[in-house]
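Close look at the chain arrangement
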Amino acid sequence: MIAIFRKELADHLVSKRFLILFILVLAAAIAATYIATQTIRGAVTEDTEFVFLTIFTTRGTELLTFLFFLSLFIPIISIALGFDAINSERNSGNLSRLLSQPIFRDAVINGKFLAGLAVLAIIIVSVIAIVAGLGLRIVGVPPGSEEVLRLIVFALISIIYGAFWMALAILFSILFKSATTSMLASIGLWIFLFFFMPVIANAITGNAAVQMMVARVSPCTLYGGATSVLLVPELDESTASILYQFVGRLPTPLPFSQSLLLVWPQVVGIIALAAICFAVSYIRFMREEIRAI
Amino acid sequence: MGQVIVETKDLSKTYNGFTAVDGLNLRIEEGEIFGFLGPNGAGKTTTILMLLGLTEPSSGTAQVCGYNPTREPLKVKHIVGYLPEKVGFYEDLTARQNLSYTAELNKLPRDEAEKRIEELLATVGLSQVADQEVSTFSRGMKQRLGIADIWVKEPKLVFLDEPTTAIDPEGIEDMLDLIASMAKKGITVIFCSHQLHLVQRICTRIGILAKGHLVAEGPLDSLGRQSISGGKYRIEVEVAQANPDLLDSLKRGAGIREVQSSGNTLFISCDEDLRSQIAKEIVDSGSLLVGMKIEEYSLERIYKTYFHED
C-alpha cells in the first residue's frame, strides 16, 4: 500500500490538475481575505472577542467569505483528485497488470484515497496558513491561542469533509467505467446537495424538525454548520438555525469546549457518510470479477 | 519429467448462467512453452484469471506451483507474471519508472531492483529509451516493456495473452526471441495466441480449448497424427525403376496399414515410424529409393479440423 500511496502522491503533485486547483484556491482565498481585511473595521465592534477569526468569515459588500470559498472548493478538489482513480487504471490497461502483482486488492483503493487526501490536506493547510499570515500582516492583530485551536480544528474538519467527497468520487470511479461519467455523477451530486438540498428543506414548511432532518442529510449543510460554529463563536442567526438546539439563545460567544461539543454530531455525520461510500467501494471492488479486460 | 507447475482438476467457471470454462483438466510442467489455443470466447483468458486468483472458480480446483490461487493469491502472484492482452503502462512515467513501480509492488530491495531493471531493459532492447515517457512508445515497444515488467519479479511461470497482436513482423521476431530466452532461463511460459504459425514455432506443447473444454492436448506432431491422420504416420516415398512386386511386398509388412501409389510416389500409412524398414524393403526389392519424408503437420490444419464445423 505504501508503494501505491507514494506513487499516487508523486503523480498528483506533479500533475497539471494539482497546479490548476492550487492556483485557483489560492487566488480565491487571497481575494476573499483582501476583501475581508478591507471591510473588517466595519465588522469588528468593541465587543468582538475573536478579531482574528473574522478574517475568515467577514464578507465584503458583494463578494463572499473565505469560509464560503473553501466550502465550495473542497468538494471540487476532492472530486478532481478522485473521480478517475479506478476507471482510468482500468481503461489504460494498468488495472489488470496492477492486480496481478502481489498486493491486496484493497491496497489499491486505500493507497489512492490516502494519496488524494494527503494532497487535499496540503492544499487546505497551506491555504489557511497563507490566509492567516496575510491577515496577520494586514490587520495586525495576533491570533489568540483559542483562535489558533479553532483554526486547527477547522482545518481538520475541512479535511474530513474532503475525505467524504474523495470517497464518493472513488466510489463513482469504481461504479462507472468512463471517467467522464463518474466526474459528471460526482459533480451532479455535489450540485444537488449544495444548491438544491437547502431549497428542498426550505420548501418543507410547517415542521421545523423534518426541515432540519432533510437539511442535515447533506454533508454540505453539516460542514457549513460545523465550521460556522468554530469560526463564528458568537453564533449569528443563520448558524443558529442549522443547530436547532440553540435557537433562541443569547448572542454571546461560546467557549471552545462548547463549540467542540456542538460540532461533534456534524463531524460524526460527515465521517459516517464517508464511511458508507468507502464501504460500498470496498464491496464493489473486492467482489468484482476481473474479466477479460 | 519436470515438476508440475500448473494442474487443474475439473476447473469450471460460470458467469450468469454462461459456462466459460467447463471441467478443464490441465497439467503443465516446468520449463514448457505451452501454447494455449482456441477461438475468442473459448475460455482462455478466464482460465488464466482463475489461475492467477483474480477470478474465483465456480467449481473444481487449481494448483499453481503448489499453491491454490483462490486461497493464497499473493503467493501465486509473487511467482507468476501476467501480460494481459491490452497491456497498459502509466503513460506519463518513463519505462524505468514503470518497472521500478512494479519492483516496489513486489517488495524488491531498491538496489537489487535497479540492477535487475537495467539488465532487463537491455534484454528487451529498451536501454536507449529507458528514460523516455511510455507515451512515446510504439505498440511493439510497449509489449517488450510488458515482458520486462513481468520478468522483474523473476517469475516461475508467465502467462502471455496475445503478446504478438498488432505489432509489426520485426517486433514479432523480437517477441518470440524474448519468449524463447525466458524459457531458457527456466521460466514456464503459457502462450495464448491466434497466430498459429507463431505458436507452432516456439511451443513445446499445445492445448486447444473450445467452449470451455480442452479438446486436444499434446506436442504438435502427436496432435497432428490424432486429428488429421487418425493416429497414423503417413510416409511419402519417391522411387525409381520400381519393382512391380514392391507394392504388394510393402503391404505385407508388419505395421503397414495402407499403401497407395501415384506414378513414382507411394503414400504409406502405418502405425509407427517405419521409415527405416520401408527403405530396406524398397532397396531389397531392387527398386531405387529417391526420397522419403514423413508427413509434418501444420498447426493451422490441426486447428481447422477442430473448428471447421463452426
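For the structure itself, consult the block above.
Owing to the predicted nature of the structure, the values given are computational and were not obtained by experimental measurement. Throughout this document, residue positions are counted from 1 along each chain, in the order its sequence is written. By the order in which they are written, chains take letters starting at A while ligands take numbers starting at 1. The predicted origin of the model limits local features to residues at a pLDDT of at least 70 and limits the giving and counting of side-chain atom pairs to 80 or more, whereas totals for whole chains, interfaces and linings rest on all residues. Derived side-chain values reflect all non-hydrogen atoms in the structure, with water molecules and hydrogen atoms excluded from consideration.

Quick word on the overall build of chain B
Test applied: A helix here means a DSSP run of H or I that spans at least four residues, while a strand means a run of E at least two residues long, and both kinds are numbered starting from the N terminus. Only protein chains enter the accessibility calculation, which uses a 1.4 Å probe; a residue is then buried when its area is under 20% of its type maximum, exposed when over 50%, and partly exposed in between. To be clear on the numbers: accessible area is Shrake-Rupley with a 1.4 Å probe, and residue cover counts the displayed protein chains and nothing else.
If you tally the helices and strands in chain B, you get 11 helices and 13 strands. Seen through its C-alpha atoms, chain B measures out along the principal axes to roughly 75 × 50 × 35 Å. Within chain B, buried positions represent 51% of all 310 residues. Summed over all atoms, the accessible surface of chain B reaches about 14400 Å², with 46% contributed by carbon and sulfur.

What about the packing of helix α3 (residues 95-105) of chain B against helix α5 (residues 139-151) of chain B?
Two quantities define a packed helix pair, namely the angle between the helix axes and the distance between the axes. All names here are of chain B. Inclusion rule: Convention adopted: a line fitted to C-alpha atoms gives each axis, helices being fitted over their contacting stretch, and angles between N-to-C directions are expressed from 0 to 180 degrees. Any angle between 65 and 115 degrees counts as roughly perpendicular, while under 35 counts as roughly parallel, over 145 as roughly antiparallel, and the rest as oblique. Each crossing gets its handedness from the near helix: less than a right angle anticlockwise from the far helix is left-handed, clockwise is right-handed. The contact rule is simple, with two residues in contact once any of their heavy atoms fall within 4.5 Å.
Here α3 crosses α5 at 30 degrees, and the two axes come no closer than 9 Å. Overall, the two elements α3 and α5 adopt an arrangement that is roughly parallel. Handedness of the crossing formed by α3 with α5: right-handed. Here A95, N98, L99 and T102 of α3 come into contact with α5, specifically with L145, A148 and D149.

Digging into the sheet that holds strand β10 (residues 233-240) of chain B
Residue and element names in this part refer to chain B. What counts here: One bridge is not enough; two strands pair if DSSP finds at least two bridges between them.
The strand order β11-β12-β10-β13 describes an open sheet built from four strands, whose pairing is antiparallel. With partners counted over all chains shown, the strands left at the sheet margins are β11 (256-262) and β13 (288-294), one partner each. Each strand of the sheet is rotated relative to its neighbour by a mean of 20 degrees, with strand direction disregarded. Summarising the sheet, β10 and strand β12 (residues 265-270) pair through six bridges and their orientation is antiparallel. For V237, the partnering residue across the bridge sits in β12 and is L266. Strands in contact with helix α10 (residues 275-284) are β10, β11, β12 and β13; relative to β13, the strand with the most contacts, it is inclined by about 165 degrees.

Here's the deal with the packing of aromatic side chains
Residue and element names in this part refer to chain A. What counts, and what does not: When two rings of Phe, Tyr or Trp (its six-membered ring) have centres within 6.5 Å they constitute a pair, described as stacked for plane angles under 30 degrees, edge-to-face for angles over 60, and tilted for the intermediate range.
Under the defined criterion, the tally for this structure stands at 16 aromatic pairs over all chains. Ring centres 5.8 Å apart and planes at 35 degrees place the aromatic pair F18 and F22 in the tilted group. With a gap of four residues between them, F18 and F22 both fall in helix α2 (residues 16-43), about one helical turn apart. Grouping residues by exposure puts F18 and F22 together as buried. A centroid spacing of 5.4 Å and a plane angle of 40 degrees characterise the contact between F278 and Y282, whose relative ring orientation is tilted. Taken together, the residues F278 and Y282, both in helix α13 (residues 256-287) and four residues apart, mark about one turn of the helix.

Some thoughts on a nonpolar patch on the surface
Test applied: Only residues whose relative accessible area exceeds 30% and that take part in no salt bridge are eligible for patches, with like-charged residues grouped when within 9 Å of each other and nonpolar side chains (Val, Leu, Ile, Met, Phe, Trp, Tyr) grouped when within 5 Å. We define a salt bridge as a contact between a side-chain nitrogen of Lys or Arg and a carboxyl oxygen of Asp or Glu at a distance within 4 Å.
A contiguous nonpolar surface patch, about 520 Å² in accessible area, is contributed by I191, F192, F195, F196, V199 and I200 of chain A. By secondary structure assignment, the location of V199 of chain A is in helix α9 (residues 179-203).

A few points about the environment of K75 of chain B
All names here are of chain B. Summarising the element assignment, K75 is placed in helix α2 (residues 73-79). Owing to a relative accessible area of 43%, K75 belongs among the partly exposed residues under this scheme. C-alpha separation for the pair K75 and Y303, spaced 228 residues apart in sequence, amounts to 35 Å.

Thoughts on the pairing of strand β3 (residues 33-37) of chain B
Residue and element names in this part refer to chain B. Among the five residues in β3, five count as buried, and that is most of the element. Residues of β3 alternate between two faces, with I33, G35 and L37 on one and F34 and F36 on the opposite face, all of them buried. Sheet topology note: the β3/strand β7 (residues 188-192) ladder contains four bridges and is parallel. The partner of G35 across the bridge, within β7, is F191.

Notes on the nonpolar core
Applicable threshold: In this description, a nonpolar core means a group of buried Ala, Val, Leu, Ile, Met, Phe, Trp, Tyr and Cys residues linked to one another through side-chain atoms lying within 4.5 Å.
Ranked by size, the top nonpolar core spans 124 residues in total, and within it F56, F66, F154 and W165 of chain A together with F159 of chain B carry the most contacts. With sequence-adjacent residues up to four places away left out, F56 of chain A is seen in contact with T65, F66, L67, I128, V131, A132, L151 and L231 of chain A. The next biggest cluster of nonpolar side chains, apart from the first, holds 55 residues, and it includes L121, V124, L126 and F307 of chain B.

Here's the deal with a negative patch on the surface
Residues and elements named next belong to chain B. Here is the rule we go by: Only four residue types enter the tally: Lys and Arg on the positive side, Asp and Glu on the negative side; His and the chain ends are excluded. Charge coordinates come from a single atom per side chain, which is NZ of Lys, CZ of Arg, CG of Asp or CD of Glu.
On the surface, D168, E170, D174 and D177 cluster together into a negatively charged patch. Inspection of the secondary structure puts D168 in the loop between β6 (157-161) and α6 (169-184). Of the residues examined, D168 reaches a relative accessible area of 48% and is grouped as partly exposed.

Some words on the sheet that holds β3 of chain B
Residue and element names in this part refer to chain B. If you trace the six strands from one edge of the open sheet to the other, you get β5-β6-β7-β3-β8-β9, paired in mixed fashion. Pairing within the sheet leaves two strands with one partner each, and these edge strands are β5 (80-83) and β9 (213-218). Across this sheet, the average inter-strand angle for adjacent strands is 15 degrees, counted without regard to direction. Of the strand pairs in this sheet, β6 and β7 are connected by five bridges, and their pairing is parallel. Note that in β7 the partner of L160 across the bridge is F191. Lying on the sheet, α5 is in contact with β5 and β6; it crosses β5 at an angle near 165 degrees.

Here we look at the interface of chain A and chain B
How we decide: The quantity reported as buried area is the accessible area (1.4 Å probe) lost by two parts once they are put together, taken as the sum for both. Polar contacts, as counted here, are pairs of nitrogen or oxygen atoms within 3.5 Å of one another; within protein the pair requires one atom able to donate a hydrogen and one able to accept it, and residues that are adjacent in sequence qualify only if both atoms are side-chain atoms. For this scheme, ten residues count as nonpolar: Ala, Val, Leu, Ile, Met, Phe, Trp, Tyr, Cys and Pro. Four count as charged, namely Asp, Glu, Lys and Arg, and the remainder, Gly too, count as polar.
Taken together, the contact pairs 24 residues of chain A with 30 residues of chain B. Note on chain A versus chain B: buried area summed over both sides is about 2500 Å², and carbon and sulfur give 54% of it. Where chain A touches chain B, the interface holds two salt bridges. R97 of chain A is paired through a salt bridge with D149 of chain B; the nearest N and O atoms lie 3.0 Å apart. At the boundary of chain A with chain B, the tally comes to 10 residue pairs in polar contact (both at pLDDT 80 or more). For the side of chain A that touches chain B, the elements supplying multiple residues, two or more each, are α1 (2-14) and α6 (94-99) of chain A. For the side of chain A that touches chain B, the class distribution of residues is 10 nonpolar, six polar and eight charged.

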